[in-house]
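Fold and contact review
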Amino acid sequence: MRYQGREVDVEGRVRLVMESALTARDRVGVQDFVLLENYNSEAAFIENLRRRFGEGLIYTYIGSVLVSVNPYKELEIYSKQQMERYRGVSFYEISPHIYALSDTAYRAMRTERKDQCIMISGESGAGKTEASKKILLYYAVTCPINAHMATLGDRLLQSNPVLEAFGNAKTFRNDNSSRFGKYMGVQFDFRGAPVGGHILNYLLEKSRVVHQNHGERNFHIFYQLLDGGDDNLLTTLALQRNPQNYSYLVKGNCPRLSSVSDKNNWKVVMKALSVIGFAEEEVQKLLSIIAGVLHLGNTQFGEGEEGETCITTETHATNVAKLLGVDVSALGEALTHKKLTAKGEEMITPLNFEQAMSARDALAKAVYGRTFTWLVEKINQSVALQEEIYHSGKGCSVIGLLDIYGFEVLQHNSFEQFCINYCNEKLQQLFIELTLRSEQEEYEAEGIAWETVQYFDNKIICDLIEEKHKGIISTLDEECLRPGETCDASFLEKLEDTLGGHPHFVTHKLANGKTRKAMGREEFRLLHYAGEVNYNVNGFLDKNNDLLNRNLKEVMCQSHNQIVSYCFRREEVMDQKRPEMAATQFKNNLMKLMEILGSKEPSYVRCLKPNDAKQPGRFDEVLIRHQVKYLGLMENLRVRRAGFAYRRRFEAFLQRYKPLCPETWPNWHGRLADGVSTLVNHLGYKAEEYKLGRSKIFIRFPKTLFTTEDALQAKKPEIGECKNGFPEWRLITIQSGWRGMKARRRAKRRREAAELIRKFIKGFIYRHEDYCPENEYFLDHVRYSFLKNLRKNLPRSVLDKTWPTPPPSLVEASENLWRMHMRNMVVKYCKRVQPEWRKQMIQKVAASEIFKDQKDSYPQGVGRLFLDSRLEREQINLKVVQTLGSDKVQYGVPVVKYDRRGFKPRPRQLLLTNTFAVLVDKTKIKQRIDYAALRGISVSSLSDGMFVLHMPNEDNKQKGDVVLHCDHVIELVTKLAMMASKVNYVNINPGSITFAVARGKEGIIDFVRGSELKVAKGKRGHLLVIAPQINNI
Ligand SMILES: Nc1ncnc2c1ncn2[C@@H]1O[C@H](COP(=O)(O)OP(=O)(O)OP(=O)(O)O)[C@@H](O)[C@H]1O
Ligand SMILES: [Mg+2]
């Protein structure tokens, strides 16, 4: 573990704790150009680059843009450990690196689910392709691997040597110069594993097939085949090993390269082709085409007997025909004749020597160019996203890598440079748009006022080139299509006519004296955003036309070589419509590319080349200045520095500088914004020096930051040791261990919560199914919660009929529980009842059996307490008591007796003993009624207190039934019926009671409802009882 020196190694992972370069800035400059004090100074910019380059630090940021200087030597910063070091680490926490940029883009893609693109630009030899390979390798090593696509990473990586063999060449500026533009989109699945790829190629420099400048070579594959292919192969292809024997390989007079081994690369390419999935037969066909092109180059023309142009190198022509799978005579004919269609009629005209040579070269370029496109398509098929992943609906995110030619200014600039520089104008336009947009968005998100930035909008130049009808490309197309004599010079004139006076366009004729001197008569000059470039119009029309004679196309269509016949479709020959011109095609491709890039979150790598000699350690200031200008880096810095030099998230700022303020050291427990505010107040920041956004602090001047940084460095020895002698790094280790543990716990809890929610949702969906693994958790939970809820809400009295509704699976159990609970409550209740109360209840139950719902006064009567007696002991005459002797009075009550005749009311006491009742008139027992003899008891259904005791009628000695009235009739009749065991003998009569008068005669009591109780004689000698209405409700 190492701390003081900048890094802390925790569990094998090395992390830089803070922005290390801030501390080492005097030695290595600033690691982010936005920290340059004098950010408008190009000299300061270059000095910072130079200082860092001298220390072997090739990467520097401009905000989120990575500037890279080609070291021209192998640096030990690309190992697997280095990759690990940058994985998941915040962009600014660690020294600038292409891995940091790659990782940031990857993490942004994963966390924000936003497609990303990394645009790599710079001039030839600046290191674009190397950078793109490093990014790809970083993803291949650090990303998780999709089990189904284990080989995909390999295929993507292996596409590089194949495309480089066929699309790269040694040029004056770069031994491995990409002669095509390349966009590679890598698709990642939802887990972040690469699952597919797609390559788009742009504008291959086909002219290289037939011509190379001095010191340059043709595409690598030709030399690799001759050097690496075994003897058998060469014999099959009728090739000789010496490249000098092929006229397409001798133009640059540079057959071999010291820096690369064609033989080794041949092996690499052959292996790569098989990894990508090329069948042996396909490789054979591919190599036949390459050999065919070489033989085509050696095909020479001469003059025949009749002065016609004819092929003089029969062997080569035969080889070409054999290798390209076409008929030799048809090929010979097509190379020396031209087929024209005029007014629907076909005419064949012979070609002169020059025309035949250019037809041959055109064929070589077309065959090679189309084969290259086929190769890209084939690779795309091999790395394409698999159907099942595409349709899995989980969605893929993309990281695009754009490795495209940088701004190019040669001594002689032609059509190719025009296209390349146009492409760079478009990229610059996109760059400005996206950078400004993202800057503006960040200010908005942080709630900080946007300060307008002055920048050059290059739309005017893009329009100059691409505008319909008026632009250079339109004019070029028109000139190519115009009938009559057209040539490059007439194109230049046309340009002068249409564009003369445009501020970014000038020609020799239109220029003033000084400019005119610096221009040729065949040149036009464009004032690009990056600088002025003169283009020579020679060859513009031909290159734009990119014409291949129709009869040559026809021959190729019939090829037996599947690659050739795939590349030359029959429909193309049948179709009379003119194909799109090269520049328009390029323009349309660029539009599509801009659309692809514009829909993604961009990151930029700006590559610089330190010297033209490809030497390590040499820093050519003039060359660098030129590139800084052409790449618009100063402009870039100005946009990024608009307003504020430095911005950091609150937590990062506080974490670094908290030792500088007693209130924030060692830990700040409040809101982060308050912590930062406390800290900067303590540091004495002035209001104009900084602003607090929503999550970041913005510091206007680097000076402010550096002062703070210096204060921190000064403070370090003091904070390095704690009171108890604990070095800080130990504390940090403990802290980070503790935090890690807390984070792990938190993550575990989150995982469990997510799992629980998932179980719930699944259980809910399957809730109506039988108990099964999908719903067991859910159903158990529902049962458990029902029982828990029931426990809290059990009815507390037998009369409480509420009961929680059970879930379907618990209906039966719920009913049983209810029954058990009720029984339990009843048992408990019964146990609690006192003997006194028990007696009372037995009587009430009997009363209920007799009277419930039958007599109006029942509810009132039963509601009252039944007393043991309604007469006090002293109210009963002693004589009577004595007469009764051992038969104790159990109950006594005052009653009114009505005579059976005349119904005279007489007050009496009714005393009940265990076996009989007596009617007492003060001191005398007037009548004894044996319970055994009692025939029945009648009461009315109304609220009155009348009741009749029916006596036996067979005994004539009896006086008849007894008609009585009692205020406590419910109580009395209940007690009497119980004592006499005559509960079932109580009659309740609704309208009248018939009672026996002595000697077989009968009397009747009529009952009617009235306002108040009245007992009086009624009609026909009946006794009329008017009973008041009782409102029981
Ligand atoms: N990071 C690097 N480390 C070591 N060498 C490098 C690095 N980048 C570039 N180089 C060297 O520079 C050479 C040119 O780089 P590269 O081919 O990537 O340039 P380029 O920008 O793609 O050029 P072109 O536009 O011509 O294709 C490489 O072959 C390699 O030798
Ligand atoms: Mg390249």
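For every chain, the first residue of the written sequence is number 1, and numbering continues from 1 onward in sequence order. For this description, chains carry letters from A and ligands carry numbers from 1, given in the order in which they are written. Note on the predicted model: pLDDT of at least 70 is required for a residue's local features to be given, and 80 or more for side-chain atom pairs to be given and counted; whole-chain, interface and lining totals, by contrast, use all residues. Hydrogens and waters are ignored; side-chain quantities use all the structure's heavy atoms.

As named in an unreviewed UniProt entry, the protein is Myosin Ic, paralog b, taken from Gasterosteus aculeatus aculeatus.

For the rest of this paragraph, the subject is the coordination of the magnesium ion (ligand 2). The donor set comprises N, O and S atoms within 2.8 Å of the metal, extended to 3.2 Å for Na, K and Ca; water molecules are omitted, so apparent gaps in a site may simply reflect that omission. Surrounding the magnesium ion (ligand 2) are the protein donor atoms T129 (OG1) and S178 (OG), at 1.9 to 2.0 Å. Here T129 is found in helix α6 (residues 128-142), whereas its partner S178 is found in strand β7 (residues 177-178), with 49 residues between them in sequence. Overall, the relative accessible area of 13% leaves T129 in the buried class. Judged by relative accessible area, S178 falls into the buried class, the value being 17%. Starting at the N terminus, helices and strands are each numbered in turn, a helix being any DSSP run of H or I of at least four residues and a strand any DSSP run of E of at least two. Buried means the residue's accessible area, taken with a 1.4 Å probe over protein chains only, is under 20% of the maximum for its type, while exposed means over 50%, and partly exposed covers the values in between.

You can see D262 is positioned in helix α10 (residues 262-276). Nitrogen and oxygen atoms within 3.5 Å of one another constitute a polar contact, given that in protein one can donate a hydrogen and the other can accept it, and given that sequence-neighbouring residues count only through two side-chain atoms. A distance of 3.1 Å separates the side chain of D262 from the side chain of R217, its partner in a polar contact. With residues up to four places along the chain from it excluded, the contact list for D262 reads R217, Y223, Q224, D227 and P255. In what follows, a contact means two residues having at least one pair of non-hydrogen atoms within 4.5 Å.

A pair of aromatic rings is counted whenever rings of Phe, Tyr or Trp (Trp by its six-membered ring) have centres within 6.5 Å, and the orientation is called stacked for planes under 30 degrees apart, edge-to-face for over 60 and tilted otherwise. Applying the stated criterion to the full structure yields 31 aromatic pairs. With a centroid separation of 5.7 Å and 70° between ring planes, the pair formed by Y443 and F698 is classed as edge-to-face. One end of the pair, Y443, is in helix α16 (residues 415-446); the other, F698, is in strand β21 (residues 696-699), and 255 residues separate them in sequence. F698 gets classed as buried once you look at its relative accessible area, which sits at 0%. Clustering of aromatic rings is evident, with ring pairs tying together Y78, Y86, Y99, Y106, Y138, Y139 and F188. A cation over an aromatic ring shows up here: K844 above the ring of F866, its NZ or CZ 5.1 Å from the ring centre. Definition used: whenever NZ (Lys) or CZ (Arg) falls within 6 Å of the ring centre and also within 35 degrees of the ring normal, the charge is taken to sit over that ring.

Attention now moves to the packing of α16 against helix α17 (residues 459-466). Two quantities define a packed helix pair, namely the angle between the axes and the distance from one axis to the other. In the contact formed by α16 and α17, the axes pass within 9 Å of each other and the chain directions differ by 140°. With respect to each other, α16 and α17 are oriented oblique. Crossing of α16 against α17: the hand is left-handed. Contacts from F418, Y422, E425, K426 and Q429 of α16 reach α17 at K459, I461, C462, I465 and E466. Class assignment of the residues belonging to the contact of α16 with α17 gives a composition of five nonpolar, one polar and four charged. Lines fitted to the C-alpha atoms define the axes, with helices restricted to the stretch that makes contact. Angles between their N-to-C directions range from 0 to 180 degrees. Between 65 and 115 degrees an angle is taken as roughly perpendicular, under 35 as roughly parallel, over 145 as roughly antiparallel, and anywhere else as oblique. The handedness criterion is simple: a crossing whose near helix is rotated anticlockwise from the far helix by less than a right angle is left-handed, and one whose near helix is rotated clockwise is right-handed. Amino acid classes used here: Ala, Val, Leu, Ile, Met, Phe, Trp, Tyr, Cys and Pro are nonpolar; Asp, Glu, Lys and Arg are charged; the rest, including Gly, are polar.

Quick look at empty space enclosed by the protein now. With a 1 Å grid spanning the protein atoms alone, the term cavity applies to any set of points in which a 1.4 Å probe fits but cannot get out, the term pocket to an open set with protein on both sides within 12 Å along at least five of seven lines, and the term lining residue to any residue with an atom within 4 Å of a point. Grid points are joined across faces, edges and corners, and a volume is the space filled by probe spheres set on the points. Inspection of the entire model under this criterion finds seven cavities of 30 Å³ or more. Of the volumes computed, that of the largest cavity is approximately 110 Å³. M119, I120, S121, L402, N424, L427, Q428, F431, Y529, Y604, R606 and L631 together form the lining of the largest cavity. Within the residue set of the lining of the largest cavity, elements represented by two or more residues are β5 (116-122), α16 and β18 (601-608). Take the lining of the largest cavity: its biggest share by element is four residues, from α16.

Attention shifts here to the sheet that holds strand β33 (residues 1023-1028). For two strands to be treated as a pair, DSSP must find at least two bridges joining them. Read across the open sheet, the four strands follow the order β30-β31-β33-β32; overall the sheet is mixed. Every other strand in the sheet has two partners, leaving β30 (992-997) and β32 (1014-1017) as the edge strands with one partner each. In this sheet, adjacent strand axes meet at a mean angle of 20° when their direction is disregarded. As judged from the six bridges shared by strand β31 (residues 1001-1010) and β33, these two strands associate in the parallel manner. Counterpart to I1005 in the pairing with β33 is L1023.

All right, on to the site of ligand 1 then. The immediate surroundings of ligand 1 are formed by 17 residues, with S124, K128, T129, S177 and S178 found nearest. A distance of 2.7 Å is found between an oxygen atom of ligand 1 and a side-chain nitrogen or oxygen belonging to N70. N176 is positioned with one of its backbone polar atoms (N or O) 3.5 Å from an oxygen atom of ligand 1. Coverage of ligand 1 by the protein chains reaches 88% of its 620 Å² of free accessible surface. Mapped by element, the contributors of at least two residues to the shell around ligand 1 are α6 and β7. Looking at the shell around ligand 1 residue by residue, the classes come out as four nonpolar, nine polar and four charged. We call a residue near a molecule or strand whenever a single non-hydrogen atom of that residue lies within 4 Å of it. Shrake-Rupley sampling with a 1.4 Å probe provides the accessible areas, and residues are treated as covered by the protein chains on show and by no other component.

With that settled, consider a negative patch on the surface. A surface patch of negative charge is lined by E303, E305, E306 and E308. Here E308 is to be found in the loop between β10 (301-303) and β11 (309-311). A relative accessible area of 35% means that E308 is categorised as partly exposed. The residues that make up patches have over 30% relative accessible area and no salt bridge, and they are joined within 9 Å when like-charged or within 5 Å when they are Val, Leu, Ile, Met, Phe, Trp or Tyr. Put simply, a salt bridge is a Lys or Arg side-chain nitrogen that is within 4 Å of an Asp or Glu carboxyl oxygen. When charges are counted, neither His nor the chain ends are considered; positive counts come from Lys and Arg and negative counts from Asp and Glu. Taken as the charge location is NZ of Lys, CZ of Arg, CG of Asp or CD of Glu.

Buried residues of helix α28 (residues 650-657): F650, F653, L654, R656 and Y657, and no others. The arc enclosing the buried residues of α28, seen along the axis, measures out at 165°, which places them on a common side. Note that the arc is computed from the directions linking the helix axis to the C-beta atoms.

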